[in-house]
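Observations on the model geometry
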Amino acid sequence: MIGALQGLGLLAAAAGAGFFLAGTVGLIRFPDTTSRLHALTKADNLGLGLVVLGLLPFAGSLGAALKLLLVWGLVLLAGGTVAQMIAARVRGTEPGA
Amino acid sequence: MGGLVDWLLAALVLGAAAWTLAAPTGFAAVVGFVGFGLLVTLAWVRLGAVDVALTEAAIGAGATGVILLMAVVRLRGGAEEVSAATPGRAVMVAAGLLAGGVGLALALAVLALPDPAPGLAAAAMARRGELGLGNPVAAVLMGYRGLDTLLESVVLVFAVLAVWSMAPDRRWGGIPGPRFPRQEAGPLALLARLLLPIGLVIGIHVAWVGAEAPGGKFQGGTILAAMWVLAWVAGLVQPPAIASQAVRLALVAGPLAFLLAGFAGMALGEGFLAWPPGLAKPMILLVEAAMTLSVAAALALLVAGPPERAA
């Protein structure tokens, strides 16, 4: 038996998986580095966000739910930083270099 | 459903391994190796070995990946040396056959095990309460095979010594690794300032919960080392000279505490590395804390490499 919240969670996780699929297709198909980064960050940010949202009803405890949100926040921070650094490198506008 | 996921995962692990071996450049091979390590991490999770999964992700994929990446960067411009050190086709084929043979023999041995496989799990679980550790993996690592864990900690010190020995004589005692410019603005500066406090807390947390839940000194120490590397590449800290007493003390603090605890077992308990009853938990926690520091120092120094500049 699955409750309404869990059902919504599964839908959100499935939507997140869709974003991962689209991001991966973009990563493979797009012609240049910045477009590929653009596709990849959608998978990282929105895709993982939806997957985390979908897992929240299954977390079991408040601590576990907060840890899931922390994981998403850390991936946002790291992914955003790396994407900016790669883009700056490609465009030759690296700070401090 | 579960079986399908496992088959897919196994196929992905093998595919990533093959891709890594066939990668055209060193950089691509390292990227493949890190991806392979993360897939193996998922395999360990599927097998229920979360402690091993954490270690694989932290040390197998993370720390080793960064060390290999540094090696790739250092090898640029040394094409002649690289091709001179690359083994010939015959050696590669022999190594491949040997590795394949060992893998096949291991797979056959695992498949030949009776179900349920014989083991000492029940006996180990029965007595772990005496050490006061809730995590059975930590209890086995510290209680039953303390000698192995002690030697693992010593191996890290020797690995750092081996890297330091690569330095020419005139650089001995100097500062390892390249110098990174201090980032005052930009994404890296932001990441280093935001992530450092969070990462330090998470690293210490992972090391601390190892007594009760999956985690421990190696996993937590790796996260702490990663935070130092982040501060280093952002130019916030410079590597210390390898002649520094503080660095050398941090490197050997863990093995030293472990050895002292082992000898204390001879004085107070039944023998070398026997934890005296009643004192087991606090002694283990002290050893684990010192080990976390030493693992972090050793991994950070392995990433930094041999000394390159005068102190």
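Residues numbered from 1 in each chain as written. Chains lettered and ligands numbered in written order. Predicted model: local features only at pLDDT ≥ 70, side-chain atom pairs only at ≥ 80, totals over all residues. Heavy atoms only, no water.

**Re the domain arrangement of chain B**
Residues and elements named next belong to chain B. For chain B, the assigned domains are domain 1 (1-86) and domain 2 (120-311). Between domain 1 and domain 2, the contact holds 11 residues from the first and 18 residues from the second. Taking both partners together, domain 1 and domain 2 bury about 1100 Å²; carbon and sulfur atoms supply 70% of that area. Here domain 1 and domain 2 share 1 salt bridge between them. Of the charged contacts, one joins E308 and R74 as a salt bridge, the two residues approaching to 2.4 Å between their closest N and O atoms. Viewed at the interface, domain 2 and domain 1 are joined by 6 residue pairs in polar contact (both at pLDDT 80 or more). Across the side of domain 1 that touches domain 2, the residue classes tally to 8 nonpolar, 1 polar and 2 charged. (Domains from an automatic or database assignment. Contact = heavy atoms within 4.5 Å. Buried area = accessible area lost by both parts, 1.4 Å probe. Salt bridge = Lys/Arg side-chain N within 4 Å of Asp/Glu carboxyl O. Polar contact = N/O pair within 3.5 Å; in protein donor to acceptor, adjacent residues only side chain to side chain. Nonpolar A, V, L, I, M, F, W, Y, C, P; charged D, E, K, R; others polar.)

**Notes on the confidence of the model for chain B**
Chain-level statistics for chain B give a pLDDT mean of 90 and a share of 100% at 70 or above. Per-element mean pLDDT across chain B ranges from 79 in helix α6 (residues 121-127) of chain B up to 95 in helix α2 (residues 26-46) of chain B. (pLDDT = per-residue confidence, 0-100. Helix = DSSP H or I, 4+ residues; strand = E, 2+ residues; numbered from the N terminus.)

**Regarding the packing of helix α8 (residues 146-164) of chain B against helix α11 (residues 245-268) of chain B**
Residues and elements named next belong to chain B. Relative orientation of the contacting elements α8 and α11 amounts to 160 degrees, with a least axis distance of 9 Å. Comparing the axis directions of α8 and α11 gives the class roughly antiparallel. For the element pair α8 and α11, the recorded crossing hand is left-handed. Mapping the contact onto sequence places G146, T149, L150, S153, V154, V157, V160 and W164 in α8 and V247, R248, L251, V252, P255, F258 and L259 in α11. Looking at side-chain class alone, the contact of α8 with α11 contains 11 nonpolar, 3 polar and 1 charged residues. (Axes fitted to C-alpha atoms, helices over the stretch in contact; angles between N-to-C directions. Parallel < 35°, antiparallel > 145°, perpendicular 65-115°, else oblique. Left-handed = near helix turned anticlockwise from the far one by under 90°.)

**Quick look at the environment of Y144 of chain B**
Residues and elements named next belong to chain B. Residue placement: Y144 occurs in helix α7 (residues 136-144). Between the alpha carbons of Y144 and L68 there is a distance of 33 Å; along the sequence they are 76 residues apart. Ignoring sequence-local partners within four residues, the contact set of Y144 consists of A123, A124, R127 and A139.

**Here's the deal with the interface of chain B and chain A**
Counting from both sides, the interface comprises 12 residues of chain B and, opposite them, 10 residues of chain A. Summed over both sides, the interface of chain B with chain A buries roughly 820 Å², with 84% coming from carbon and sulfur.

**Let's talk about the pattern of salt bridges**
Residue and element names in this part refer to chain B. For the structure shown, the criterion picks out 8 salt bridges over all chains. For K217, the salt bridge is made with E288, and the minimal N-O distance between the two is 3.2 Å. Note that K217 is positioned in helix α10 (residues 217-233) and E288 in helix α12 (residues 280-304), a separation of 71 residues in sequence. In this structure, a network of salt bridges that share partners links the residues R145, D148 and E152.

**Remarks on α12 of chain B**
Residue and element names in this part refer to chain B. With 25 residues, α12 extends 36 Å from end C-alpha to end C-alpha; this agrees with the ideal 36 Å at 1.5 Å per step. In terms of residue burial, α12 counts as a mostly covered element, since 19 of its 25 residues are buried. Just downstream of α12 lies G305, where phi reads positive at about 90 degrees. (Expected span 1.5 Å × (residues − 1). Buried < 20%, exposed > 50% of the residue type's maximum accessible area, 1.4 Å probe, protein only.)

**Section: the UniProt feature "transmembrane region" (unreviewed entry) in chain A**
Look at the UniProt record and you will see "transmembrane region" (unreviewed entry) annotated at residues 46-79 of chain A. Structurally, residues 46-79 of chain A is divided into 82% helix and 0% strand, and its ends, taken at the C-alpha atoms, are 12 Å apart. (UniProt positions renumbered as here; feature names shortened; annotations may be inferred.)

**Observations concerning unusual backbone geometry**
Residues and elements named next belong to chain B. Note the cis peptide between D115 and P116, where omega equals 0 degrees. By secondary structure assignment, the location of P116 is in the loop between α5 (89-111) and α6. Its identity as a non-glycine residue notwithstanding, L273 has a phi of 65 degrees, on the positive side. Summarising the element assignment, L273 is placed in the loop between α11 and α12.

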